[in-house]
Amino acid sequence: MKKILILVGAGKGLGNAVAKEFASHNFSVVLISRNQHNLDAYSEEFASLGYEVYTKVADARYPDTLTKAFDEIIAELGTPDALVYNVGITEPDGERAMSNELLLERYQIDAASAYHCASLLATDEFAKKNGAIIFTGGGFAHTFQPIPFLKALCIDKAALNAMNIVLHQALEPMGIFVGSILVSNVIIPGDKKYDPQLIAKAYWRMYEERGDYQVAY
């Protein structure tokens, strides 16, 4: 029976690359995104590669939609073996001024919903499967070198890095591994280091080795 990966934040870049990496190791993958049209296209692509794929629509801005998606996945497929939370608003801040409203909105998407998803899987059933939860962290937050035009994202990734440590310490005694890949640069297809397919292999190594719970990439 295949293991199951839930990938929150499906997309043409790193998200789908991570899902393909796990699928290549005989995982069924569940892609979660807020856009059904995009999910349909991803599903066709994965199926053409011979991968078993399922999709669910949910929006990280609204945690109730994530709860609904996870409940449906568990009811239909059973408890998963791994979760990758790969959501982050990477659009430049642009003309929208930093405000309390913006910070709260982005924090929900970039960090708070990551904690919400982890909490949904912090169960005895997930622990029995030696479940693993992996976040896409930010290397710029880890090294305290924020990017001026991504202020909100840098703040959120710093929080997510701390959240990763808190959850790792809390869930490790249950047998649940929590870790974070700290991506330190812009993801560029075809790059010798920051190609999404190369970065995706770091997620698989973390899942397999369950060693360091913060890996800078």
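Here the structure is a predicted model, which means the values were calculated and not measured. (Residues numbered from 1 in each chain as written. Predicted model: local features only at pLDDT ≥ 70, side-chain atom pairs only at ≥ 80, totals over all residues. Heavy atoms only, no water.)

S.K.: Please explain the pairing of strand β5 (residues 132-138) as it appears in this structure.
M.R.: β5 sits mainly inside the fold: seven of its seven residues count as buried. Alternating residues of β5 divide into Ala132, Ile134, Thr136 and Gly138 and Ile133, Phe135 and Gly137, and every residue in both groups is buried. Sheet analysis places strand β4 (residues 82-85) next to β5, joined by four bridges and oriented parallel. In the sheet register, leucine 83 faces β5, and the bridge partner there is isoleucine 133. Examined bridge by bridge, β5 and strand β6 (residues 177-183) share seven bridges and lie parallel to one another. Residue threonine 136 lies in a different strand from β6, and its bridge partner there is isoleucine 181. (Buried < 20%, exposed > 50% of the residue type's maximum accessible area, 1.4 Å probe, protein only. Helix = DSSP H or I, 4+ residues; strand = E, 2+ residues; numbered from the N terminus. Pairing = 2+ DSSP bridges.)

S.K.: What is the right way to look at the packing of aromatic side chains in this model?
M.R.: Here a ring pair, both rings aromatic, is described through the centre-centre distance and the interplanar angle of the planes. Scanning the model with the defined rule gives eight aromatic pairs in all. Between phenylalanine 22 and phenylalanine 27, the aromatic rings sit 5.3 Å apart at their centres with planes inclined by 90°, giving edge-to-face as the arrangement. With respect to burial, phenylalanine 22 and phenylalanine 27 carry one shared label: buried. Ring pairing ties together the aromatic residues Phe22, Phe27, Trp204 and Tyr207, which thus form one cluster. One cation-aromatic arrangement involves lysine 193 over tyrosine 217; the distance from NZ or CZ to the ring centre is 5.7 Å. (Phe/Tyr/Trp six-rings, centres within 6.5 Å; stacked < 30°, edge-to-face > 60°. Lys NZ or Arg CZ within 6 Å of the ring centre and 35° of its normal.)

S.K.: Please explain the sheet that holds strand β7 (residues 214-216) as it appears in this structure.
M.R.: Hydrogen bonds between backbone groups are what pair the strands of a sheet, and the pairing can be parallel or antiparallel. One open sheet accounts for seven strands, arranged β3-β2-β1-β4-β5-β6-β7; its pairing is parallel. The open sheet has two edge strands, β3 (53-57) and β7, and neither has a second partner. Each adjacent strand pair in this sheet contributes to an overall mean axis angle of 20°, direction not counted. Across the sheet, helix α7 (residues 151-171) is in contact with β5, β6 and β7; its angle to β5 comes to roughly 155°. (Axes fitted to C-alpha atoms, helices over the stretch in contact; angles between N-to-C directions. Contact = heavy atoms within 4.5 Å.)

S.K.: Any chance you could explain the nonpolar core here in plain terms?
M.R.: One recurring pattern in soluble globular proteins is that nonpolar side chains are buried together. Core analysis: the largest hydrophobic core is formed by 32 residues, its most contacted members being Phe22, Leu31 and Tyr203. Secondary-structure elements contributing two or more residues to this core are β1 (3-8), α1 (14-23), β2 (27-33), α2 (36-48), β4, β5, β6 and α8 (196-209). Considering each element in turn, this core owes the most residues, seven residues, to α8. Not counting chain neighbours up to four residues away, the residues in contact with phenylalanine 22 comprise Leu5, Phe27, Ala82, Tyr203, Trp204 and Tyr207. Of all hydrophobic cores here, the second largest spans 30 residues; its members include Ala60, Phe70, Leu83 and Leu121. (Core = buried A, V, L, I, M, F, W, Y, C linked by side-chain atoms within 4.5 Å.)

S.K.: Explanation requested: the packing of α1 against α2 in the structure shown.
M.R.: Relative placement of two packed helices is described by the angle separating their axes and the distance separating the axes. Where α1 contacts α2, the two axes come as close as 12 Å, and the packing angle between them is 30°. Considering their axes alone, α1 and α2 lie roughly parallel with respect to each other. Crossing hand, α1 versus α2: right-handed. Contacts between α1 and α2 involve Asn16, Ala19 and Lys20 from the former and Tyr42, Glu45 and Phe46 from the latter. Partitioning the contact of α1 with α2 into residue classes produces three nonpolar, one polar and two charged. (Parallel < 35°, antiparallel > 145°, perpendicular 65-115°, else oblique. Left-handed = near helix turned anticlockwise from the far one by under 90°. Nonpolar A, V, L, I, M, F, W, Y, C, P; charged D, E, K, R; others polar.)

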